[in-house]
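Observations on chain architecture
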Amino acid sequence: MIVLGRVRKGAYHDSVALMRVGRELGAMPGVADAALMMGTRSNRAILESSGLLVPEFEHAGDADLLIAVKAANADQAGAALAAADTLLRAAKRPGASAAPGPRDLEGAVEALPGANLALISLAGRYAGPEALKALQRGLHVMLFSDNVPLEVEVRLKKLARSKGLLVMGPDCGTAILNGAPLAFANVVRRGDIGVVAAAGTGLQEVTCLISNRGGGISQAIGTGGRDVKREVGGIMFIEGLRALAADPATRVILLVSKPPDPSVLRAIRRVVRGIRKPVVSLLLGEGRPGRDPVTLEEAALAALALSRGRSVESALRRLAARDAAFGAMARGLRRPRGGRHRYLRGLFSGGTFCAEAQVLLRDVLGELHSNVPGRGVQRLADAWKSRGHTLVDLGDDELTVGRPHPMMDYSLRNRRILEEARDPATAVILLDVVLGYGAHPDPAAELAGPLGEAAKRVAVVCSVTGTAGDPQNRAKVAAALKKAGATVMPTNAAACKLCGEILRERA
Amino acid sequence: MRIVSIGDQVQPGRYALHSRFRRALNFTDGRRLVSLVSEEVGPGPLNLVVPGSAPPPREQLVLRRQDLGPDRARVYDSSLHLARCNRRRFRRNLAALEATLVAESHPLSLAFLLDRRRLARFTNPLERALAKRVRTGVGAIRAGLAKTPRAARATSAAVAHACASTARGVRTLAGCGFGLTPSGDDFIAGVLVALCVVEQSRAGRVGRRAEAGPRPRGGASGRVVGRLKNAVLGAGRSGSILAASAIEMAARGRVPARTQRLVAALAGGDRDEVVSAARAVLAMGSTSGADFATGLLLALRWGARWVG
């Protein structure tokens, strides 16, 4: 490792900008650690204890900015130092979002008369009042914010229902309305399948699978995961369902959710019974194998078959035939290793994928651990430390406070991939890669280095959620990941099943 | 240039631009600081508040005595205003402040000192080294403040020992952090304001506005607190003029309007008032408000037995 440093005399930046740029540099290829701090005596002591102190810093003053990079070689360290200047300039420049524009909801409504939806992304404590204002103005609301108090959510949703409006969220990251992707969403074909989901990445996976197989989406409505809890009563899940039932462009309705509260489930079933369109429902962990869809891909293919007037059973049979080949595939991936290499380490950016993996693997692998455990899964004492077979949702609130979501920022996951690969207990690393608007513009470039390193030691299996129309292009990303050494599967469910086969004998 | 409010500690002089942020321009004459701030930032002891969302760009600031008088704009009185303080309510209010800080402050702020789970957000080696140094410094300050004997029992040696421990902690903490006003310095300013609150409380000046100057007040207990405050001030002097000014003002009990509101709410307000005032403080800077409030809270808690 080599450490390079630079002193910027009299330069200063906002502390959060310095932390953010430090983390961005730390995520660059070959960079082990990076720091940007003012040159106080204490900060120099901190740099020394982190192995980032260089002689150039000795005479720096309190008002000087210190930039230090630790990297595998001088070229990579030099590149990171050069990038620091660019990133700092970008941080200082008034952002595009600072361009003159509406400063509040009233201004936005005046600027765009006729708008009928407000997308609100504010700190949770401020989001509720703004959502209320939007509803009072007759606007549907997509509430991207999390940490909105439960009682506020219930009040907003009841008001929306009384006004015939939708409140998607809080913590709703995905929707596709009238062909327009909102927040984290993919470029999918328009068609006749309508989706209501209380599971963000679940919604992305099913819409992409349908679109990639030639089907299309009429509307995709996210509700936020808390909507199907008892306290909220599934108000918007049911309103979304009714909206799709009344929508002439929707012929088939697909419901996706983690298991709802039993009272909410009963209410949903009552509404479904009154709908005269085919309804496919996937309640992760609740489906009866052989009768209901159990995975996101089964649900997507069932909806697609119904929209084409074909048999659901035959679609699912084809899927089962494909799965039968995973045993042989797994044998090709098993490596002759010592008995200690026997655990799965799933590092997910999508919470729904983590939940789906738990459902698919708990009976195959036995004891599983997760930071967001479902039924029959043990809670991890420390989300940063794996234990046995571990499935981590890196997008969970606990791990994302103060940092971008792992779909946008791969630094945390890349570090974890390398840690898991070095762990002698790891046999397989399982990943999801989610593309589309809002996601990282070039995930393959971010992942290639750590995946390549990891693939030298363990099997790496991943799925890519996206379409050819996404800004990143699914085929290109999949090819790059494959080149880096990963086994790329068509869906998260397929990736999980392959991992199950690889580990079946070791478990 | 129209000015809405003039801080009562702003001195006439010729100042040059020191640093520029979106909502504040800082000027210095080499010894002193003056900040030109937006209304959103609000009044402070060294602030000139101008209307609008951002101060107009300028490289120099020339302030004559007649520019700073009450006929030009409202002069902001930056002294601490303490309401009558009920101990039980005070402790309850400290708990409300703590809950707000833990739930709502920036993830990389010093609020991890209140809830160890927040340490999980310090992920890279540098952030962890920063957290470790902060904990070392704060541990020593705690040892000093919490173990300082009440004046009635105080021996000179015991007080000196407490002051030495506090000063050692402050020296470790001073200058710790990423930006121009490091987190450690904000924390120290919070400790100093807490000591001013304690000092005023001991001085029995409840219900009146008081100048909490460097001269100790409040009998024997007040003198002990005064010595602690001087120990913190002596050890916490920073090389950055921004941090140094904030620490000096805090030692003199001169605070921004948001801090005045928080202190008043802690002493005499209800939970909602504390939460609302705490949120206003949290909005100061990126982590500054949270770091300051953490220092204030912890020092008040460790020195709570003096308050009342």
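A brief structural summary. (Residues numbered from 1 in each chain as written. Chains lettered and ligands numbered in written order. Predicted model: local features only at pLDDT ≥ 70, side-chain atom pairs only at ≥ 80, totals over all residues. Heavy atoms only, no water.)

A few words on the overall build of chain B. The secondary structure content of chain B amounts to nine helices and seven strands. Across the 308 residues in chain B, those meeting the buried criterion constitute 59%. A total of about 12,100 Å² of accessible surface is found on chain B, and carbon and sulfur atoms cover 49% of it. (Helix = DSSP H or I, 4+ residues; strand = E, 2+ residues; numbered from the N terminus. Buried < 20%, exposed > 50% of the residue type's maximum accessible area, 1.4 Å probe, protein only. Areas by Shrake-Rupley, 256 points an atom, 1.4 Å probe, with all protein chains shown as cover.)

Turning to the packing of helix 1 (residues 87–104) of chain B against helix 7 (residues 257–268) of chain B, a few remarks are in order. Residues and elements named next belong to chain B. Close contact between helix 1 and helix 7 brings their axes to 7 Å; oriented N to C, the two are set at 130°. Between helix 1 and helix 7, the angle falls in the class oblique. Mapping the contact onto sequence places R89, F90, N93, L94 and L97 in helix 1 and L262, A265, L266, A267 and G268 in helix 7. Its residues assigned to classes, the contact of helix 1 with helix 7 comprises seven nonpolar, two polar and one charged. (Axes fitted to C-alpha atoms, helices over the stretch in contact; angles between N-to-C directions. Parallel < 35°, antiparallel > 145°, perpendicular 65-115°, else oblique. Contact = heavy atoms within 4.5 Å. Nonpolar A, V, L, I, M, F, W, Y, C, P; charged D, E, K, R; others polar.)

Okay, the packing of aromatic side chains next. All told, the structure shown has three aromatic pairs over all chains when counted by the stated rule. Relative to B:F21, the ring of A:Y12 has its centre 5.4 Å away and its plane inclined at 55°; by these criteria the two rings are tilted. Here B:F21 lies in the loop between strand 2 (13–20) and strand 3 (24–28) and A:Y12 lies in the loop between strand 1 (2–8) and helix 1 (15–26), a pairing that spans two chains. You can call A:Y12 buried: its relative accessible area is 12%. Judged by its relative accessible area of 28%, B:F21 is partly exposed. The interplanar angle of 70° and the centroid separation of 5.0 Å between the aromatic rings of B:F112 and B:F122 together place this pair among those described as edge-to-face. (Phe/Tyr/Trp six-rings, centres within 6.5 Å; stacked < 30°, edge-to-face > 60°.)

Here we take up the sheet that holds strand 15 (residues 378–379) of chain A. For sheets, the rule is that strands pair by backbone hydrogen bonds, running either parallel or antiparallel. Residues and elements named next belong to chain A. If you walk across this open sheet you meet the seven strands as 15-14-16-13-17-18-19, and the pairing is parallel. This sheet does not close on itself; its edge strands, each paired only once, are strand 15 and strand 19 (487–489). Pairing of strand 18 (residues 459–465) with strand 19 involves three bridges; the strand directions are parallel. For S463, the partnering residue across the bridge sits in strand 19 and is M489. Contacting strand 13 (343–348), strand 16 (389–393) and strand 17 (426–434), helix 15 (residues 411–422) crosses the sheet at an angle of about 165° to strand 17. (Pairing = 2+ DSSP bridges.)

Taken together, the contact pairs 36 residues of chain B with 34 residues of chain A. Summing both partners gives a buried area of about 2,800 Å² for chain B against chain A, and 58% of it is carried by carbon and sulfur. B:E127 is the salt-bridge partner of A:R23, the closest N and O atoms lying 2.7 Å from each other. At the level of secondary structure, the elements contributing two or more residues to the side of chain B that touches chain A comprise strand 2, helix 2 (125–147) and helix 3 (156–173) of chain B. With six residues, helix 2 of chain B is the single largest residue contributor to the side of chain B that touches chain A. Of the residues that constitute the side of chain B that touches chain A, the class distribution is 14 nonpolar, 15 polar and seven charged. (Buried area = accessible area lost by both parts, 1.4 Å probe. Salt bridge = Lys/Arg side-chain N within 4 Å of Asp/Glu carboxyl O.)

With that out of the way, let us pick up the state of the cysteines. Linking two cysteines covalently through their sulfur atoms gives a disulfide. Residue and element names in this part refer to chain A. Summed over all chains, the structure comprises zero disulfides over all chains. Of all cysteine sulfurs in the structure, the one in C496 sits closest to C499, which takes part in no disulfide; the separation is 6.5 Å. By relative accessible area, which is 0% here, C499 ends up buried. (Disulfide = S-S within 2.5 Å.)

The subject of this paragraph is the pairing of strand 8 (residues 180–183) of chain A. All names here are of chain A. In this sheet, strand 8 lies alongside strand 7 (residues 174–177) in antiparallel orientation, the contact comprising four bridges. Counted as the bridge partner of I176 is P181 from strand 8. Between strand 7 and the antiparallel strand that follows it, strand 8, lie two residues; N178 among them carries a positive phi value of about 50°.

To continue, consider the nonpolar core. Membership of the largest hydrophobic core comes to 107 residues, with the highest contact counts inside it found for A:V69, B:V193, B:L266 and B:L300. When residues of this core are assigned to their parent elements, the largest contribution, eleven residues, is made by helix 4 (residues 183–202) of chain B. Core analysis: the second largest hydrophobic core is formed by 60 residues, A:V280, A:L344, A:L368 and A:L391 among them. (Core = buried A, V, L, I, M, F, W, Y, C linked by side-chain atoms within 4.5 Å.)

Moving on to the pattern of salt bridges. Where side chains of opposite charge bring their charged atoms close, a pairing between them can arise. Going through the model one piece at a time under the given rule, you end up with 32 salt bridges over all chains. A salt bridge links B:E104 to B:R279; the shortest N-O distance between them is 2.7 Å. In this pair, B:E104 sits in helix 1 while B:R279 sits in helix 8 (residues 271–282), placing the two residues 175 residues apart along the sequence. Overall, B:E104 belongs to the partly exposed group, its relative accessible area being 22%. Notably, a salt bridge pairs B:R117 with B:D115, separated by 3.0 Å at the nearest N-O pair. Assessed through its relative accessible area of 66%, B:R117 is described here as exposed. Beyond isolated ion pairs, a larger network of salt bridges with shared partners links A:E153, A:K157, A:R226 and A:D227.

The two faces of the sheet receive side chains in turn, since in a regular strand these alternate between them. All names here are of chain A. With five of its five residues buried, strand 16 lies for the most part within the structure. The side-chain alternation of strand 16 yields two buried faces, one formed by H389, L391 and D393 and the other by T390 and V392. In terms of strand pairing, strand 14 (residues 368–370) meets strand 16 through three bridges, oriented parallel. Opposite L368, over in strand 16, you have H389 as the bridge partner.

Right, let's talk about helix 3 of chain B for a bit. All names here are of chain B. In a regular helix each residue adds 1.5 Å, so 18 residues correspond to 26 Å; helix 3 covers 26 Å between its end C-alpha atoms and thus fits that length. Within helix 3, burial applies to V159, A162, C163, S165, T166, A167, G169, V170, T172 and L173. Just downstream of helix 3 lies G175, where phi reads positive at about 85°. (Expected span 1.5 Å × (residues − 1).)

All names here are of chain A. One open sheet holds the three strands; their spatial order is 1-3-2, and the pairing between them is antiparallel. Bordering the open sheet on either side are strand 1 and strand 2 (31–38), each of which pairs with just one other strand. With direction set aside, neighbouring strand axes in the sheet form an average angle of 10°. In terms of strand pairing, strand 2 meets strand 3 (residues 65–71) through seven bridges, oriented antiparallel. Considered in strand 3, the bridge of M37 is made with L66. Each of strand 2 and strand 3 touches helix 1; the most contacted strand, strand 2, lies at about 160° to it. Seen against the sheet, helix 2 (residues 41–49) touches strand 2 and strand 3 and runs at an angle of roughly 170° to strand 2.

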